[in-house]
There are 2 protein chains.
Amino acid sequence: MTQSSKREQLIQAALELFARKGYHAVAVDAISDRAGITKKTLYHHFKSKEELILAALRHYDERFRNDFMRSVESKTGDPIGRLLAVFDIVEEWFNSKNFSGCLFVGAMGEYPEEAAPIRRVCRESKMLTQGYIKSLAEKAGLYESGQLSEQLILLIEGATTMAQVNNSSLCAAQAKAAAKVLIKNSTTLPSKVAKRKL
Amino acid sequence: MTQSSKREQLIQAALELFARKGYHAVAVDAISDRAGITKKTLYHHFKSKEELILAALRHYDERFRNDFMRSVESKTGDPIGRLLAVFDIVEEWFNSKNFSGCLFVGAMGEYPEEAAPIRRVCRESKMLTQGYIKSLAEKAGLYESGQLSEQLILLIEGATTMAQVNNSSLCAAQAKAAAKVLIKNSTTLPSKVAKRKL
DNA sequence: TAAAAAATATACTAATTAGTGTAGTTAGAT
DNA sequence: ATCTAACTACACTAATTAGTATATTTTTTA
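Residues numbered from 1 in each chain as written. Chains lettered and ligands numbered in written order. Predicted model: local features only at pLDDT ≥ 70, side-chain atom pairs only at ≥ 80, totals over all residues. Heavy atoms only, no water.

Enquirer: Would you take a moment to explain the protein's contact with DNA strand C for this structure?
Expert: Around DNA strand C, 17 residues are found, and the nearest of them are Val28(A), Lys39(A), Lys40(A), Lys49(A) and Thr41(B). Among the atoms of DNA strand C lying within 4 Å of the protein, the sugar-phosphate backbone contributes 66%. With respect to DNA strand C, the side chain of His45(B) contributes an N or O atom lying 3.0 Å from a phosphate oxygen. A per-class count over the surface near DNA strand C returns five nonpolar, seven polar and five charged. (Near = heavy atom within 4 Å. Polar contact = N/O pair within 3.5 Å; in protein donor to acceptor, adjacent residues only side chain to side chain. Nonpolar A, V, L, I, M, F, W, Y, C, P; charged D, E, K, R; others polar.)

Given below as structure tokens:
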């Protein structure tokens with residue numbers, strides 16, 4: 001078994017346990033046990049539990065975001081269609097067997113100190129996803145794509161929270177319905193006009 | 001000092017520490033120390049750490065939700081105005097000194113087991129808030145007030161997450177802008193029509 | 001004012017935790 | 001083939017944790 005495979009096995013075991021139990025609630029021994037790898041080897045690859053968490057989050061970010069983008073793009077080539085497809089992929093995520101909310105949001109909740117390195121990784125991941133949504137909105141030629149994409153992100157994050165609260169994936173469709181209205185609004189006119197009319 | 005005052009002091013100390021450090025990260029000794037009350041007395045009022053967490057969350061829910069509703073209603077009597085004022089109050093919350101995300105979302109993140117009693121309390125609180133938003137939408141005489149209020153909740157929850165991620169309260173205004181579009185859409189026509197036009 | 005309840009001070013247990021130490025084994029690279 | 005780095009097995013430390021025990025003092029209440 002190669003060296004990097006042990007590392008990945010540890011990260012994989014850690015991610016599964018973090019998703020199921022949270023970060024503080026998972027002991028290092030539980031991770032090494034689950035991976036079938038001794039704790040000594042774990043500490044050979046990661047100098048501390050925190051470093052393992054950081055590595056796991058970075059690994060997850062890359063895999064998850066790439067899967068996400070690939071899934072979106074496999075649904076349609078149409079830019080607006082892709083913006084909406086985002087919500088279908090999100091719904092599939094909510095329905096996936098081991099869904100337990102966003103790992104990054106959970107990590108930020110458990111490590112609330114502003115300077116915590118874990119928060120930096122979470123922020124970076126969220127910014128990359130935000131950037132992807134924005135690029136879709138730009139390609140769709142929508143007015144104020146920056147603002148629109150920020151609003152769509154709010155719907156996605158809100159749905160992620162509420163999917164946990166309600167233990168239901170229905171809010172993904174609700175978010176999509178709201179997204180349609182927001183996108184339509186960005187298709188027809190600069191949003192300032194819409195604001196003034198109210 | 002009355003008995004119930006000790007209880008409330010313990011709950012207050014617990015809430016402050018939970019907000020600043022999370023739930024697992026806060027030891028029972030830290031709570032009793034902060035409250036200036038012995039651990040023995042703490043265990044006289046709460047039979048376990050979990051019971052203290054439950055009591056603290058229930059207490060917080062009542063106080064927070066009442067403050068929230070009062071604040072909204074002090075802004076305007078106009079029903080649509082109140083729906084929008086929600087986002088101003090949310091923004092004030094984001095700007096408050098000790099803001100560190102939603103205590104309930106944090107609790108659900110740290111206690112992911114579906115059957116955890118802590119999750120029940122969090123769900124109940126969220127449902128009560130949801131009900132309040134829905135009642136505002138109904139009073140405003142908007143079409144499909146149920147759907148609309150669910151969508152507004154997504155914006156609020158999303159903004160709460162992103163306020164933490166971005167360490168900025170700006171997303172409250174972004175959520176409000178989106179809410180205006182959604183509300184306008186509900187003022188003018190049943191949302192089905194809007195959906196079909198896309 | 002006297003009994004009962006609540007609170008303090010402090011020390012304790014038993015379990016769990018992150019991380020290390022030692023000594024021996026396996027496996028890949030040259 | 002052999003050398004090196006990774007890995008195992010397992011015992012260990014020192015700190016921290018939730019919760020309890022004992023004995024005393026304060027406060028409430030009847």
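Enquirer: Could you clarify how one ought to interpret the protein's contact with DNA strand D in this entry?
Expert: Neighbouring DNA strand D are 18 residues, the closest being Thr41(A), His45(A), Val28(B), Lys39(B) and Lys49(B). Contact between DNA strand D and Thr38(A): a phosphate oxygen at 3.1 Å from a side-chain N or O atom of the residue. One of the side-chain N or O atoms of Lys39(B) is found 2.6 Å from a base oxygen in DNA strand D. Every element with two or more residues in the surface near DNA strand D is listed here: helix H1 (3–21) and helix H3 (39–45) of chain A together with helix H3 (39–45) of chain B. The element best represented in the surface near DNA strand D is H3(A), accounting for four residues. (Helix = DSSP H or I, 4+ residues; strand = E, 2+ residues; numbered from the N terminus.)

Enquirer: Just checking my understanding: could you explain the packing of helix H5 (residues 79–95) of chain B against helix H7 (residues 117–139) of chain B for this structure?
Expert: Packed helices, taken two at a time, are described by their axes: the angle between them and the distance between them. All names here are of chain B. The N-to-C vectors of H5 and H7 enclose an angle of 150°; their axes lie 8 Å apart at closest approach. Here H5 lies roughly antiparallel to H7, going by the angle between them. Viewed along their axes, H5 and H7 form a crossing whose handedness is left-handed. Between H5 and H7, the contacting residues are Pro79, Arg82, Leu83 and Val86 on the first element and Ile133, Leu136, Ala137 and Lys139 on the second. (Axes fitted to C-alpha atoms, helices over the stretch in contact; angles between N-to-C directions. Parallel < 35°, antiparallel > 145°, perpendicular 65-115°, else oblique. Left-handed = near helix turned anticlockwise from the far one by under 90°. Contact = heavy atoms within 4.5 Å.)

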